[in-house]
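Reading the structure
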Amino acid sequence: MVQKKMDKPLTLGVDIGGTKVNVGLVDAAGRLLFVHKSLIHATKEPEMLIADIVAGVEVCLSKTGQEAKALGIGVAAQVDLKGVVRGSPNLGWRNVPLKKKLEKQLGLPVVVTNDVRAATWGEWRYGSGRGVDDLAVLFVGTGVGGGVISGGKVLSGCTNSGGELGHITIISDGRKCRCPNKGCLEAYVGGWAIAERAQEAIRTLSNEGRRLLSLAGSIKQVTAVTVSQAYREGDLLARLLVEETGRYLAAGVVSIVNAFNPCLVVLGGGVIEGIPELIQMVKDITRNRALEAAVEKLEIVKAALGGDAGVIGAAALAQDLVDKAP
Ligand SMILES: [Zn+2]
């Protein structure tokens, strides 16, 4: 009985991307007990997506025979503090009161946040950032996002959009970003930007670009994955592109380290998974170029949770909600 009383409740985590919705049941130690994955309906209507989430929750609970106390959601969108999705270019949503609608349908407390913020929570609570009060998490995937935890608190900013680390400027008037700015970190090291840089390099250096081109089939089909494949084979142009990516990424990390003085920088996302050598490049450059006091105790490590960080982090946020409940 004593053991039973000490058991913390299970919570649900939901990760909504541009095309998929993953629902998972997670225990208080951050272990994913069951995950249900589905594709988002082509029309991306909020009501249909909510029905998919509710169905996913039912599958998770019935398959495990468990109950959950709360649900957390990370969605690829700008979300306000009341759990309203203000805008999502990926989903085409504006002002969808996701928290309110789901609480009504599930009868559970719900917390809604941005997908990258949720993944940052996952790495902080249960991944590489566990137990650290001052850290920055940077996910380098197709886009680049992350979060900053300072003094044991996630920096959320004035309008809850803090931590957009992919959109710090590394080159004034540089490459056009997908945001209104030019020269953002994402515009150089995001998967889409690596693909663009590789395609431009092949056009300029057609001889050196032959291997990349033959791997992809055509210039337009050259992606960050192609670069990673050719890099593994020792291709010279791919190596130059990767080394350049390392320098750009390090420029961003140096700024983050100087600005926030974290003890730990966690690097994750598809680009890092595909080219983990980037971590060592970033370490070497950051060590030499960030302020001495800022790197004194700094460690730079790889993220631990992979693609599950979003679900686990959203569930961790829900756990936090349960813990704070009266
Ligand atoms: Zn940007």
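Because the structure is predicted, anything quoted here is derived from the model rather than measured.

All right, on to the packing of helix 6 (residues 191-204) against helix 9 (residues 236-260) then. Packing of helix 6 against helix 9 leaves a shortest axis separation of 11 Å and a crossing angle of 140°. Viewed along their axes, helix 6 and helix 9 adopt a mutual orientation that is oblique. With respect to the hand of their crossing, helix 6 and helix 9 are arranged in right-handed fashion. Touching Ile-194, Arg-197, Ala-198, Ala-201 and Ile-202 of helix 6 are Leu-237, Leu-241, Glu-244, Thr-245 and Tyr-248, all from helix 9. For the contact of helix 6 with helix 9, a count of residues per class yields seven nonpolar, one polar and two charged.

The next thing to look at is helix 2 (residues 46-64). Between its first and last C-alpha, helix 2 extends 27 Å over 19 residues, near the 27 Å set by a 1.5 Å rise per residue. Turning to helix 2, its buried residues are Pro-46, Leu-49, Ile-50, Ile-53, Val-54, Gly-56, Val-57 and Cys-60. The arc enclosing the buried residues of helix 2, seen along the axis, measures out at 160°, which places them on a common side. Summarising the geometry of helix 2, the exposed residues directed more than 90 degrees from the buried face are Glu-58, Ser-62 and Lys-63. Along its buried surface, helix 2 packs onto strand 1 (11-16), strand 2 (20-26), strand 3 (32-39), strand 4 (71-75), strand 7 (93-96) and helix 3 (98-106).

With that settled, the discussion passes to the coordination of the zinc ion. Bound to the zinc ion are the protein donor atoms His-167 (ND1), Cys-177 (SG), Cys-179 (SG) and Cys-184 (SG), situated 2.0 to 2.3 Å from the metal. Considering all four donor atoms around the zinc ion, the spread of angles at the metal, 105 to 118°, places the coordination shape in the tetrahedral class. For the zinc ion, all donor residues lie on one chain, and their spacing in sequence is H-x9-C-x1-C-x4-C. Comparing Cys-179 with Cys-184 shows no difference in burial state: the two are buried.

The sheet built from five strands is open, its strands ordered 11-10-9-12-13 with mixed pairing. Of all strands in the sheet, those with a lone pairing partner are strand 11 (153-154) and strand 13 (299-302), marking the two edges. Sheet analysis places strand 10 (residues 144-150) next to strand 11, joined by two bridges and oriented antiparallel. When the sheet's bridge partners are listed, Ser-150 is paired in strand 11 with Lys-153. The sheet contacts of helix 4 (residues 115-126) involve strand 9 (135-140), strand 10, strand 11 and strand 12 (264-268), and relative to strand 9 the element is tilted by about 125°.

This part covers the pattern of salt bridges. A full pass over the atoms with the stated rule returns 15 salt bridges. The partner of Lys-20 in a salt bridge is Asp-15, and the shortest N-O contact between them spans 3.1 Å. For Lys-20, a relative accessible area of 27% corresponds to the partly exposed category. Residue class for Asp-15 comes out buried when judged on its relative accessible area of 9%. Here Glu-244 and Arg-197 are joined by a salt bridge, their closest N and O atoms 2.9 Å apart. Taken together, the residues span a long stretch of sequence, with Glu-244 in helix 9 and Arg-197 in helix 6 at a distance of 47 residues. We classify Arg-197 as buried; its relative accessible area is 6%.

Rules behind the numbers
- Sequence order as written defines residue numbering, which begins from 1 separately in each chain.
- Since the coordinates come from a predicted model, pLDDT governs what is reported: local features require at least 70, and pairs of side-chain atoms require 80 or more to be given and counted, while whole-chain, interface and lining totals use all residues.
- Side-chain numbers here rest on the full set of heavy atoms in the structure, without hydrogens or water.
- Geometry is summarised by axes, namely lines fitted to C-alpha atoms with helices restricted to the contacting stretch, and by angles between N-to-C directions that run from 0 to 180 degrees.
- Helix and strand assignments come from DSSP, with helices taken as H or I runs of at least 4 residues and strands as E runs of at least 2, each series counted from the N terminus.
- For classification purposes, an angle smaller than 35 degrees is called roughly parallel, one larger than 145 roughly antiparallel, one from 65 to 115 roughly perpendicular, and anything else oblique.
- Left-handed describes a crossing whose near helix is turned anticlockwise from the far helix by less than a right angle; the clockwise case is right-handed.
- Any two residues whose heavy atoms approach within 4.5 Å at even a single point are treated as in contact.
- Residues are grouped as follows: Ala, Val, Leu, Ile, Met, Phe, Trp, Tyr, Cys and Pro are nonpolar; Asp, Glu, Lys and Arg are charged; all remaining types, including Gly, are polar.
- To estimate the expected span of a helix, subtract one from its residue number and multiply by 1.5 Å.
- Classification of residues uses two cut-offs on accessible area relative to the type maximum, computed with a 1.4 Å probe and protein chains only: under 20% is buried, over 50% is exposed, and between them is partly exposed.
- Relevant arc is that of directions from the helix axis to the C-beta atoms, nothing else.
- Here the term donor refers to an N, O or S atom within 2.8 Å of the metal (or 3.2 Å for Na, K and Ca), and because water is left out of the atoms, sites may appear incomplete.
- Angular criteria define each label, namely tetrahedral for four donors with all angles between 85 and 135 degrees, square planar for four and octahedral for six donors with opposite donors over 155 degrees apart and remaining angles between 65 and 115, and irregular for whatever fails these tests.
- If DSSP finds at least two bridges between two strands, the strands pair.
- One side-chain nitrogen of Lys or Arg within 4 Å of one carboxyl oxygen of Asp or Glu is enough to make a salt bridge.

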